[in-house]
Amino acid sequence: MFRWAIIFLIVALVAAVLGFGGIANFSFEIAKFIAIIAVILFVIALVMGGMRGRGTRI
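Not measured: the values here are computed from a predicted model.

Student: How should I be thinking about the overall build of the chain in this particular structure?
Tutor: Along its length, the chain carries two helices and zero strands. Across the 58 residues in the chain, those meeting the buried criterion constitute 14%. When the accessible surface of the chain is totalled, it reaches about 5100 Å², and 75% of it is carbon and sulfur.

In structure tokens form, the structure reads like this:
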């Protein structure tokens, strides 16, 4: 998921350099949205993994 965020960020940077402000802004917003979703999913996975634990050994 971070891969897509990085791709959209690169598209935004290239569009900004070439003077396409609207496309650059839109691509940056998509990259930001994907990165936030990826971080949220990572935190959820981290919490769920911590709650599951390894179990007890007898």
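Student: How should I be thinking about the packing of aromatic side chains in this particular structure?
Tutor: Think of a pair of aromatic rings as described by two things: how far the centres are apart, and how the planes are tilted against each other in angle. Applying the stated criterion across every chain yields a total of one aromatic pair. Between W4 and F8 the ring centres are 6.4 Å apart and the planes differ by 35°, which places this aromatic pair in the tilted class. Within this pair, W4 and its partner F8 are both found in helix α1 (residues 2-18), separated by four residues, close to a single helical turn. The class of W4 is exposed, set by a relative accessible area of 51%. Take F8: its relative accessible area is 24%, and that puts it in the partly exposed class.

Student: Would you take a moment to explain the packing of α1 against helix α2 (residues 21-52) for this structure?
Tutor: Two quantities define a packed helix pair, namely the angle between the axes and the distance from one axis to the other. At a minimum axis separation of 8 Å, α1 and α2 run at an interaxial angle of 160°. The pairing of α1 with α2 is recorded here as roughly antiparallel in orientation. Read as a crossing pair, α1 and α2 show a hand that is left-handed. When α1 is examined against α2, the residues F2, W4, A5, F8, L9, V11, A12, A15 and A16 are found in contact with a partner set consisting of I23, A24, S27, F28, I30, A31, I34, A35, A38 and V39. Within the contact of α1 with α2, the residues separate by chemical class into 18 nonpolar, one polar and no charged.

Student: Help me understand the pattern of salt bridges, please; the structure alone is not making it clear to me.
Tutor: For side chains bearing opposite charge, pairing can occur when the charged atoms are close. Throughout the structure, instances matching the rule amount to one salt bridge. Among the salt bridges present, the one from E29 reaches K32, with a minimum N-O distance of 3.6 Å. Placement of the pair is E29 and K32 together in helix α2, with a separation of three residues, close to one helical turn. Since its relative accessible area comes to 39%, K32 is described here as partly exposed.

Calculation criteria
Residues numbered from 1 in each chain as written. Predicted model: local features only at pLDDT ≥ 70, side-chain atom pairs only at ≥ 80, totals over all residues. Heavy atoms only, no water. Helix = DSSP H or I, 4+ residues; strand = E, 2+ residues; numbered from the N terminus. Buried < 20%, exposed > 50% of the residue type's maximum accessible area, 1.4 Å probe, protein only. Areas by Shrake-Rupley, 256 points an atom, 1.4 Å probe, with all protein chains shown as cover. Phe/Tyr/Trp six-rings, centres within 6.5 Å; stacked < 30°, edge-to-face > 60°. Axes fitted to C-alpha atoms, helices over the stretch in contact; angles between N-to-C directions. Parallel < 35°, antiparallel > 145°, perpendicular 65-115°, else oblique. Left-handed = near helix turned anticlockwise from the far one by under 90°. Contact = heavy atoms within 4.5 Å. Nonpolar A, V, L, I, M, F, W, Y, C, P; charged D, E, K, R; others polar. Salt bridge = Lys/Arg side-chain N within 4 Å of Asp/Glu carboxyl O.

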